[in-house]
Amino acid sequence: MAHQMFLGTLRANVLTNPTGCRAAPPRSSARIGRGKFPVAAISDDYLPMRSTEAKNRTSKGDITSLRLITAVKTPYLPDGRFDLEAYDYLINMQIEGGVEGVIVGGTTGEGHLMSWDEHIMLIGHTVNCFGTRIKVIGNTGSNSTGEAVHATEQGFAVGMHAALHINPYYGKTSTEGMIAHFKAVLPMGPTIIYNVPSRTGQDILPPVIEALSGHPNMVGVKECVGHERVKCYTDKDISVWSGNDDECHDSRWKYGATGVVSVTSNLVPGLVRSLMYEGENATLREKLLPLIKWLFCEPNPIPVDTALAQLGVARPVLRLPYKALPLEKRVEFVRIVEAIGREHFIGKREARVLDDEDFISICR
């Protein structure tokens, strides 16, 4: 009953903007900051994913069959709310391009800049609108185990198919602590562990993954360390997705990766699908490398935010601390689009060079 009351309150708090898009709720007195939840949501009887009947909606095999997962961008309105009209268009373009799953609120989706209210609402919205056509993987990880547990309970309660979990960052822990952290969230549903030492400051070493691999909900790893680590896991029959777009072709076809969790597929989903499904294709890989290099010329998601604005798919609105790429990079992007072919990119407008004053920075 408490679970139903909470979801009803969450739905009631979602605002409708003037264009008819549904947008994220504002801050309320019931939630002071990220990680602080309404009392009703943490009462003793709010245990939605600890019951046995809710855990079998998505099987481990449903997730390990995915070859192309997009780490999807979150677009904004000028007032700081989610632009769900643009978001829905972006998800539809992913589906039409052959993408099989999306990470909601990941690094690219700027989950770290959202309140948990916004974060869970966006997962629920994606499931509600697209959950029968694409797998929805919610990034409900945190460096706080308690926060990760609570967010994951909520994510599965609103219907996400799997969770993405990062290791504790900044306040790093021991190997034993890392294993315990992941064991606390694994019982709730299918889980992909995300290893990106360049962001967390701590590598998830193979012994950690091997210790967790026997759990029935342990789906696999999104791995950003490189080919040799990918091969280490594939040799042990552990599913692994490349987290590096520039390496994903070789990881898939030479080192046995299941597929890729891609940033580039936000822009050219069909081409990245070909890279994952049509066998070795060095020509296509070389064709995409200038775009991939451009997408990581500054920390993700700055370039993809800039690119989607230039394609007219998202408004040129960025949540701070992100700022659009400088003018010379915006000019370079238009040239890259022309070289690859505008028909391969999402959206209907021609790529254009936006002026500095076109971009809006918000610090909601």
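Scroll up for the structure.
Just so you know, these numbers come straight off a predicted model, no measurement behind them.

Engineer: What is the right way to read the overall build of the chain from this model?
Structural biologist: Counting its secondary structure elements, the chain contains 14 helices and 12 strands. Among the 364 residues that make up the chain, the fraction classed as buried is 59%. Contacts in the chain between residues at least 24 apart in sequence constitute 72% of all its contacts with a sequence separation of at least 6. For the chain, the accessible surface area stands at approximately 14,900 Å², while carbon and sulfur atoms represent 51% of it.

Engineer: When you look at the environment of Gly220 in this model, what are you seeing that I'm missing?
Structural biologist: As for its position among the elements, Gly220 is in strand β8 (residues 218-223). Sequence-distant contacts of Gly220, defined by excluding residues within four places in its chain, comprise Thr191, Ile192, Ile193, Ser239 and Trp241.

Engineer: Just checking my understanding: could you explain the sheet that holds strand β4 (residues 101-104) for this structure?
Structural biologist: Hydrogen bonding along the main chain pairs the strands of a sheet, whether they run parallel or antiparallel. Spatially, the eight strands close up into a barrel ordered β3-β4-β5-β6-β7-β8-β9-β10, and their pairing is parallel. Direction aside, the axes of adjacent strands within the sheet are offset by 25° on average. Of the strand pairs in this sheet, strand β3 (residues 68-71) and strand β10 (residues 259-262) are connected by three bridges, and their pairing is parallel. Residue pairing across strands places Ile69 opposite Val261, the latter belonging to β10. Where helix α4 (residues 116-130) meets the sheet, its contacts fall on β4 and β5 (135-139), and the angle it forms with β5 comes to roughly 175°.

Engineer: What should I look at first to understand the pairing of β3 in this one?
Structural biologist: Regular strands place side chains that alternate from one sheet face to the opposite one. Of the two faces of β3, the one carrying Leu68 and Thr70 and the one carrying Ile69 and Ala71 are both buried. Pairing of β3 with β4 involves three bridges; the strand directions are parallel. Across the sheet, residue Ala71 finds its bridge partner in β4, namely Ile103. Of the crossover connections in this fold, the one passing from β3 over helix α3 (residues 84-96) to the parallel β4 is right-handed.

Engineer: Even after reading the chapter, I still don't get the environment of Pro75, so can you show me in this structure?
Structural biologist: Along the polypeptide, Pro75 turns up in the loop between β3 and α3. With relative accessibility at 2%, the residue Pro75 sits in the buried group. Taking the C-alpha atoms as reference, Pro75 lies 6.5 Å from Ala86; in sequence the two are 11 residues apart. When residues no more than four places from it in sequence are discounted, the contact partners of Pro75 are Arg81, Phe82, Asp83, Ala86, Tyr87 and Ala314.

Calculation criteria
- Residues numbered from 1 in each chain as written.
- Predicted model: local features only at pLDDT ≥ 70, side-chain atom pairs only at ≥ 80, totals over all residues.
- Heavy atoms only, no water.
- Helix = DSSP H or I, 4+ residues; strand = E, 2+ residues; numbered from the N terminus.
- Buried < 20%, exposed > 50% of the residue type's maximum accessible area, 1.4 Å probe, protein only.
- Contact = heavy atoms within 4.5 Å.
- Areas by Shrake-Rupley, 256 points an atom, 1.4 Å probe, with all protein chains shown as cover.
- Pairing = 2+ DSSP bridges.
- Axes fitted to C-alpha atoms, helices over the stretch in contact; angles between N-to-C directions.
- Right-handed = clockwise from strand over helix to strand, strands pointing away.

Keep in mind these numbers describe shape, not what the thing actually does.
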